[in-house]
Amino acid sequence: MNTGIATAQPPFWRRVLDWGGVNYLFILPALAIYIGVIFLPILRGVDYAFTDWDGLSRSVNYVGFANFQRMFGDIQVRSAIGTTLIIAAALVVIKVSLGLFLALIVDGNLKSRTYLRVIFFMPVVLTPIIVSYMWKYIFSNQGPLNTLLNLAGFESLRWLGDPTLALISVIVVTSWQSVGLSMVIFLAGLQAVPPELNEAAMLDGASPWQRIRYVTIPMLAPAITVCVVIALIQGLRFFDQIYALTRGGPGYATETLSTMIYRISFQFGEFSYGAAVALVFSLIVAVIVLPAMHFLRKREFVHG
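Report follows, based on the coordinates. All values derive from a computational prediction rather than experimental measurement. (Residues numbered from 1 in each chain as written. Predicted model: local features only at pLDDT ≥ 70, side-chain atom pairs only at ≥ 80, totals over all residues. Heavy atoms only, no water.)

1. Brief notes about the overall build of the chain
Of the regular secondary structure elements, the chain holds 15 helices and zero strands. In terms of C-alpha radius of gyration, the chain reaches 26 Å, well past the compact-globule figure of 19 Å for 304 residues. Once the C-alpha set of the chain is aligned to its principal axes, its extents read approximately 105 × 70 × 30 Å. Relative to its full complement of 304 residues, the chain shows a buried share of 35%. For the chain, contacts bridging at least 24 residues in sequence account for 68% of all contacts bridging at least 6. Total accessible area on the chain stands at roughly 18,600 Å², and carbon and sulfur atoms take up 68% of it. Here the chain contributes 20 positive and 15 negative side-chain charges, whose respective centroids are spaced 3 Å apart. (Helix = DSSP H or I, 4+ residues; strand = E, 2+ residues; numbered from the N terminus. Rg over C-alpha atoms; globule rule 2.2 N^0.38 Å. Buried < 20%, exposed > 50% of the residue type's maximum accessible area, 1.4 Å probe, protein only. Contact = heavy atoms within 4.5 Å. Areas by Shrake-Rupley, 256 points an atom, 1.4 Å probe, with all protein chains shown as cover. Lys, Arg positive; Asp, Glu negative; His and termini not counted. Charge placed at Lys NZ, Arg CZ, Asp CG, Glu CD.)

2. Details of the pattern of salt bridges
Any two side chains of opposite charge can pair, on the condition that their charged atoms come close. Within the structure shown, the criterion is met by three salt bridges. A salt bridge links arginine 44 to aspartate 47, with the nearest nitrogen and oxygen atoms 3.2 Å apart. Here the residue arginine 44 and the residue aspartate 47 both occupy positions in helix H3 (residues 28-48), the gap between them amounting to three residues, near one helical turn. Taking the relative accessible area as the measure of exposure, aspartate 47 reaches 23% and is therefore partly exposed. A salt bridge links glutamate 270 to arginine 70; the nearest nitrogen and oxygen atoms lie 2.7 Å apart. Of this pair, glutamate 270 sits in the loop between helix H14 (257-267) and helix H15 (271-303) while arginine 70 sits in helix H4 (residues 66-72), and the two are 200 residues apart along the sequence. (Salt bridge = Lys/Arg side-chain N within 4 Å of Asp/Glu carboxyl O.)

3. What to know about helix H7 (residues 128-139)
Given a rise of 1.5 Å per residue, 12 residues ought to cover 16 Å, and the 16 Å separating the end C-alpha atoms of H7 matches this to within 8%. Of the residues making up H7, those classed as buried are Val131, Ser132, Trp135 and Phe139. In an axial view of H7, the angular spread of the buried residues amounts to 100°, which keeps them on one side of the axis. Of the exposed residues in H7, the ones pointing more than 90 degrees away from its buried face are Ile130 and Tyr137. Tucked into the core, H7 has its buried residues touching helix H8 (144-151), helix H9 (163-191) and helix H13 (240-245). (Expected span 1.5 Å × (residues − 1). Arc of directions from axis to C-beta.)

Dropping the structure here:
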């Protein structure tokens, strides 16, 4: 029955509280910091990619796609893209395979497994710059590595002076430092593998390799996804170790997109050109990482 009396609407702020919107107020400080420190500078960097700004002058002139046209015709940029992809692919293979191998070893019934876990994980907590300078001494002409080669009757090698050896050396350094993280991730995944599955496989006569291939690895699909994505992102943005070890040399043998962006922007003073390379670099990372994540996630559901 309509009494003709209008029901008073509660104020807007009260409706927000009743709806549960107060929970979102707690993310506003973090959201404001993210927008001001990360999101807005990214947008500003995209804007600079279409200008001729040198990073210092007040005058900024828009030049359209001139920076991108120059970049696609730059042999050094194409070389840096190739080197970046090689390093990323190598890190994915080494970190996933070696990390899984180490995890399987220290997950066994070894008496020294606790000490081995500490030893293998220790390089992860070290600063990349310190690790790089330590290995730079090891790779030096009179360093321990060449000393061992000389004692064995071999000639000294120019580990950081030869283009091929320099690329291998920087991959070895970053793999040595970060493979412990993959090991820990796989160890966490191994704890979730039901022992009944391995016991059933043993009763069926499966060999250790068959148990690893058909039981353990499928159950480790989520851990493999995490390790691959981390290794891929790390390899694509590789900077610290290369800059400390080789500065991108000899020549441009170890120059990656990260080191090239730094060199172009802060050494050559071509900030707008560096912003254009950084923008394309971000697109390359997205084009590689997002499909890889989608593919690996689909495999998780298949094995799950």
